[in-house]
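# Analysis of the macromolecular model
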Amino acid sequence: PRMKTHQPRRRAGAIAVRGVLFGCAIAVFVSYGLLLGWLVDQSLWLGLAAGAIVLVPTLQITLSLVIYAKRDDSEAPEANGEHSVDVFVTVCDEPYALIHSTVRAARDMRCDHQTWLLDDAGSADTRAIAEELGVGYLARPGIKDFKAGNLNYALKRTSADIIAVFDVDHRPRKDFLERTLGHFRDDNVGFVQASITYR
């Protein structure tokens, strides 16, 4: 069936906030260029060239703020528990503490689910994390096709109706499944993409 796209409800004033943030980014860029132009032999062009060095990180910060301003705080459709869920966390020789933190967060999400640690490095330490946290563990022979191959290997060995996939550096909130599974009550929905926030 044709899949529908679910767009989050627009927050009041979001367009104005984005405009202000973009204006601030441009103001910082121009001000930085003018300041450097004054400091470096009163050369405006040299100052603006130097200002370009900070343009990219300034725009990145601005984009992050825009994404934050667009976040949707509306109520998600209620999850009714009719679907089985597997949660995949893909890893390949990342730091122990990072793996442990993300897998623990995935395991502790509310709503019934089975968490799987998909280990492309076949590490004894990673297997120990899975055993300690009481989650499933899969390690395939070789690393053909990298992350895609890792996921496909797991898909052939699990059978849940819905799969949630997390990179090892994307730690889910406890309400992640509560706020996403309800969308699958609509038979036309084939997948749900959630926003990623950074801190």
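## Looking at helix α4 (residues 124-133)
- Regarding α4, the residues found buried are Thr 126, Ile 129, Ala 130 and Leu 133. Each buried residue of α4 sits inside an arc of 95 degrees when the element is viewed along its axis, so together they form one side. When the buried face of α4 is taken as reference, the exposed residues oriented beyond 90 degrees from it are Ala 124, Asp 125 and Glu 131.
- At its buried positions, α4 is contacted by β1 (85-91), α3 (96-107), β2 (114-119) and β3 (136-138).

## Thoughts on the packing of α3 against α4
- Viewed as axis vectors pointing N to C, α3 and α4 meet at an angle of 30 degrees, and their least axial separation amounts to 10 Å. What the angle tells us is that α3 and α4 run roughly parallel. Here α3 and α4 pass one another in a crossing that is right-handed. Between α3 and α4, the residues in contact are Tyr 96, Ile 99, His 100, Val 103, Arg 104 and Arg 107 and Asp 125, Thr 126, Ile 129, Glu 132 and Leu 133, respectively.
- Grouping the amino acids of the contact of α3 with α4 by side-chain chemistry returns 5 nonpolar, 2 polar and 4 charged.

## A closer look at the pairing of β2
- Of all the 6 residues making up β2, 5 are buried; the element is thus mostly covered by neighbouring parts of the structure.
- Pairing of β1 with β2, which is carried by 6 bridges, proceeds in the parallel orientation. When the bridges of β2 are listed, Thr 90 appears paired with Leu 118.
- Regarding the hand of the β-α-β motif, the stretch spanning β1, α3 and β2 is right-handed.

## Side note on the sheet that holds β2
- Reading across from one edge, β3-β2-β1-β4 is the order of the 4 strands in this open sheet, with parallel pairing throughout. Bordering the open sheet on either side are β3 and β4 (162-167), each of which pairs with just one other strand. Averaged over all pairs of adjacent strands, the angle between their axes in this sheet comes to 25 degrees, without regard to strand direction.
- When β2 meets β3, the two strands line up parallel, connected through 3 bridges. Within β3, the position partnered with Leu 118 by the bridge is Leu 138.

## Quick look at the side chain of Ser 123
- Tracing the backbone shows Ser 123 in the loop between β2 and α4.
- A polar side-chain atom of Ser 123 sits 3.1 Å from the main-chain amide nitrogen of Asp 125.

## Notes on a nonpolar patch on the surface
- Together, Phe 22, Ile 26, Val 30 and Leu 59 make up an exposed nonpolar region whose accessible area comes to about 310 Å².
- Of all the elements, helix α1 (residues 14-39) adds the most residues to the nonpolar patch, at 3 residues.
- Along the chain, the position of Phe 22 falls in helix α1.
- On the basis of relative accessible area, Phe 22 is assigned to the partly exposed category, the value being 48%.

## Overview of the side chain of Thr 126
- Its location among the elements puts Thr 126 in helix α4.
- Thr 126 has contacts with Val 91, Ile 99, Leu 117, Asp 119 and Tyr 137, leaving out every residue within four places of it along the chain.

## Describing the nonpolar core
- Formed by 22 residues in total, the largest nonpolar core has its most connected members in Val 87, Ile 99, Val 103 and Leu 117.
- Those elements giving two or more residues to this core turn out to be β1, α3, α4 and β4.
- Looking at which element gives the most residues to this core, the answer is β1, with 4 residues.
- Those residues in contact with Leu 117, other than ones at most four positions away along the chain, are Val 89, Val 91, Ile 99, Val 103, Thr 126, Ile 129, Ala 130, Val 135, Gly 136, Tyr 137 and Leu 138.
- With 6 residues, the next largest nonpolar core counts Phe 88, Leu 118, Leu 138 and Leu 151 among its residues.

Criteria and cut-off values
The residue numbering used here restarts from 1 in each chain and proceeds along that chain's sequence as written. Selection of residues for local features in this predicted model requires a pLDDT of at least 70, selection of side-chain atom pairs for listing and counting requires 80 or more, and totals for whole chains, interfaces and linings are taken over all residues. As a convention, hydrogens and water are excluded, and side-chain values are obtained from all of the structure's heavy atoms. The rule is simple: take the accessible area with a 1.4 Å probe, protein chains only, and divide by the maximum for that residue type; under 20% is buried, over 50% is exposed, in between is partly exposed. Going along the chain from the N terminus, every DSSP run of H or I of four or more residues is numbered as a helix, and every run of E of two or more is numbered as a strand. Taking the helix axis as origin, the arc is that swept by the directions to the C-beta atoms. Should any heavy atoms of two residues lie within 4.5 Å, those residues are counted as being in contact. In this analysis an axis means a line fitted to C-alpha atoms, helices contributing only their contacting stretch, and an angle means the value between N-to-C directions, from 0 to 180 degrees. Reported orientations rely on four angle classes, namely roughly parallel under 35 degrees, roughly antiparallel over 145, roughly perpendicular from 65 to 115, and oblique for the rest. Handedness of each helix crossing follows the sense of rotation of the near helix against the far helix: counterclockwise by less than a right angle gives left-handed, clockwise gives right-handed. Polar here means any residue outside two lists: the nonpolar Ala, Val, Leu, Ile, Met, Phe, Trp, Tyr, Cys and Pro, and the charged Asp, Glu, Lys and Arg; Gly therefore counts as polar. For two strands to pair, DSSP has to find at least two bridges joining them. Handedness of a crossover is defined as follows: with both strands directed away from the viewer, a clockwise route from the first strand across the helix to the second makes it right-handed. Between N or O atoms, a polar contact is any pair within 3.5 Å; within protein, one atom must be a potential hydrogen donor and the other a potential acceptor, and residues adjacent in sequence are included only when both atoms are from side chains. Nonpolar side chains (Val, Leu, Ile, Met, Phe, Trp, Tyr) are joined into patches within 5 Å and like charges within 9 Å, using only residues with over 30% relative accessible area and no salt bridge. Accessibility throughout is a Shrake-Rupley quantity obtained with a 1.4 Å probe, and a residue counts as covered only by protein chains that appear here. Salt bridges are defined by distance alone: a side-chain nitrogen of Lys or Arg within 4 Å of a carboxyl oxygen of Asp or Glu. To qualify as a nonpolar core, a set must consist of buried Ala, Val, Leu, Ile, Met, Phe, Trp, Tyr and Cys residues joined through side-chain atoms within 4.5 Å.

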